[in-house]
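The lines below spell out each chain.
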Amino acid sequence: MEKKLKNKIIETKNLSVNYAGVKALSDVSAYFKEESIIGIIGTNGSGKSTLLKSIFGFTPIVEGEILKDGKKYDLSPHKLVESKISFVPQGRQIFSSMSVEENIEMGAVSIKNKKEYQENLTEVYKIFPFLEKNKDKISAELSGGQQQQLAIARGLIIKPRLLLLDEPTIGLSPDIVKDVFKKIKEINQKQKTTIVIVEHNLKTLFEITKHIFLMDKGILVAEGSPKEIKDSGILDKIFLAN
Amino acid sequence: MDIFIQLIVNSLIAAALYAMIAVGFNMVYSVSKFFDLAYGTIAVLGAYFVFYFYNLFPDFSLVVITAGGIFFGGFFYFLIQKIFYQKFEERKSSNVVMLVVSLGIMTITQALVAIFFTSQFQTIYLNFESNFKILGAVITPIQVILIFSSIFVFFLIFLFYKFTSIGKKAKALADDPFMSEIVGINTKRIRAIIFFIAGAVVAFAGILSFMDVGIEPTSGFTFLLNSVAAFIIGGPGNFLGSLVGAVIIGFVENFGVFFISGQWKEALTFIVLILFLIFRPDGIFKSKKQNK
């Protein structure tokens, strides 16, 4: 299986973390290569979301380390956002009492230059035109799919090098899932953003990713291209056993 | 008729004071999500600052001393947040723990004020020329200042949340603390700033109340109770709600005292509060977050 050692934005080395007092990741060594779309899959409780949270400093590291561009980094979220890493957690997380544009503006707190913000906003509106039409609408009034797209748009406003998406399609109808994945691919191609997706919708995910990490019970059990993962038969083994 | 107008004026004066205190409480609650019992004590500290320095330097400008008291209140509250609350928040302490910590801070601060200044009621003599008369109702210059200050503070806070970057970040933090961190808001910094501003606001209210009726070390608890009542009646997280809540309490207190008895003053506030908790627990103005 392919494992390139260069151009890694984020790399975890033998990472073990605790979540809610329980060991949630054991000895996980994963990496996210620049400009690619990477999928993280696994059953419920396999540690997929915990891996993203630990990169963002939300879970205490017990052993191992996380590197950014080959170096240890400050795990505080605002420092990560300043270094152009965005995280869109699961559950359509938006500022529900704020308007659509205020939500996007909050994603841009690390941008000090107004011109840069306006340029990025124009690009975000190009990808999500409905957001511009509804920019003054209170975000709680958007539909579930629109809220998810708003959350992604907010993550994109800083033009991230790395976008971490945790279950972006959970609870959405198949049509909207397709639409969200189309946007994700578009973002990767247009902005050269590295995108890491934790996803349960394997069929659609495999269509857009080049590299997959498969997790089970907090352990990284396999990695490779979608074809390699499918052909290995490990998916049946893991998902049927669970 | 004169009495009736006087009651309305008195109610508005009380409402102006409670609104100022409640809006600060609302600011703090929105970013910390716990009931800070030490909040009212900051008003007392601001008032005693003015009491002390005005007695020490009677010829010095009262405006400057008042500004000093406002800053002192803000800074003291900022320190409490940094030294105590932030540490407990980092440990992910529950709201009950935070409440107990704030009770401890309130008790200690109150005791220290009593040690330094005695438990006696303190007043200040302000050499204002004369009182105003509005439709037969009497209003003192300091009460006029109190009403206009309250309006001014509300206006400033509105501008702060609407147009400043820190205000917008504070709004986001109030909406969702987890998401605020995710998008890169330095939540510790924003909390500290909000505590400073709220401390300054409540200290200002305490100073004006001191100039109007006087102060004692335990006054903070009364300030706290009234602001909490206005906060709950108006709807947590809603600044306009705090204002309306304060007006309701101001009127209920003053009319209740006149028609029933002075001993019922605080009890009446709580009767209204309990009625709201039973029949409209989210307050008059449900926040958009609550609606969701």
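In what follows, the structure referred to is the one given above.
Each chain carries its own residue numbering, running from 1 in the direction its sequence is written. Throughout, the order in which chains and ligands are written sets their labels, letters from A for the former and numbers from 1 for the latter. Thresholds applied to this predicted model are a pLDDT of at least 70 for local features of residues and 80 or more for the giving and counting of side-chain atom pairs; totals over whole chains, interfaces and linings are not thresholded and use all residues. As a rule here, side-chain values cover all heavy atoms of the structure and leave hydrogens and water aside.

1. Some details on the nonpolar core
Buried residues of nine kinds, namely Ala, Val, Leu, Ile, Met, Phe, Trp, Tyr and Cys, make up a nonpolar core once their side-chain atoms join them within 4.5 Å. A simple rule labels every residue: compare its accessible area, found with a 1.4 Å probe on the protein chains alone, to the largest value its type can have, and call it buried under 20%, exposed over 50%, or partly exposed in between. Phe-32 and Leu-164 of chain A are the most contacted members of the largest nonpolar core, which totals 161 residues. Here the element with the most residues in this core is helix 1 (residues 2-32) of chain B; it accounts for 16 residues. The contact criterion used throughout is that any non-hydrogen atoms of two residues lie within 4.5 Å. Apart from residues lying up to four places away in sequence, Phe-32 of chain A is in contact with Asn-7, Lys-8, Ile-9, Ile-10, Ile-38, Ile-40, Ile-55, Leu-162, Leu-164, Val-196 and Phe-213 of chain A. Numbering goes from the N terminus for both helices and strands, where a helix is a DSSP run of H or I of at least four residues and a strand is a run of E of at least two.

2. Re the interface of chain B and chain A
Contact residues are listed per partner, giving 18 residues for chain B and 21 residues for chain A. Accessible area that two parts lose when put together, evaluated with a 1.4 Å probe and summed over both, is termed the buried area. It is Met-179, Ile-182 and Val-183 of chain B in chain B that bury the most area against chain A; as a group they hold 28% of the surface buried on that side. Whenever two N or O atoms come within 3.5 Å, that pair is a polar contact, provided that in protein one can donate a hydrogen and the other can accept it, and provided that, for residues adjacent in sequence, both atoms are side-chain atoms. Our enumeration of links across chain B and chain A arrives at 4 residue pairs in polar contact (both at pLDDT 80 or more).

3. A closer look at the environment of Phe-49 of chain B
Residues and elements named next belong to chain B. Within the secondary structure, Phe-49 is located in helix 2 (residues 39-56). Accessibility expressed as a relative area gives 18% for Phe-49, which makes it buried. For the pair formed by Phe-49 and Ile-65, sequence separation is 16 residues and the distance between their alpha carbons is 8.1 Å. Not counting the four nearest positions on each side in its chain, Phe-49 is found in contact with Ile-65, Gly-68, Gly-69 and Phe-72.

4. So, the sheet that holds strand 8 (residues 162-166) of chain A
Residues and elements named next belong to chain A. What makes two strands pair is DSSP finding at least two bridges between them. Taken together, the 6 strands give an open sheet; going across it, the order is 7-8-9-4-10-11, and neighbouring strands pair in mixed fashion. Each end of this open sheet is capped by a strand with a single partner; those strands are strand 7 (85-88) and strand 11 (219-224). Strand-to-strand, the axes of this sheet are offset by a mean angle of 15°, without reference to chain direction. Examined bridge by bridge, strand 8 and strand 9 (residues 194-198) share 5 bridges and lie parallel to one another. Each bridged residue has a counterpart across the sheet, and for Leu-165 the counterpart in strand 9 is Ile-197. Lines fitted to C-alpha atoms define the axes here, with helix axes fitted over just the stretch in contact, and angles between the N-to-C directions of these axes take values from 0 to 180 degrees. Lying on the sheet, helix 6 (residues 144-156) is in contact with strand 7 and strand 8; it crosses strand 7 at an angle near 165°. Helix-sheet contacts for helix 7 (residues 174-191) involve strand 4 (37-42), strand 8 and strand 9, and the interaxial angle to strand 9 is about 155°.

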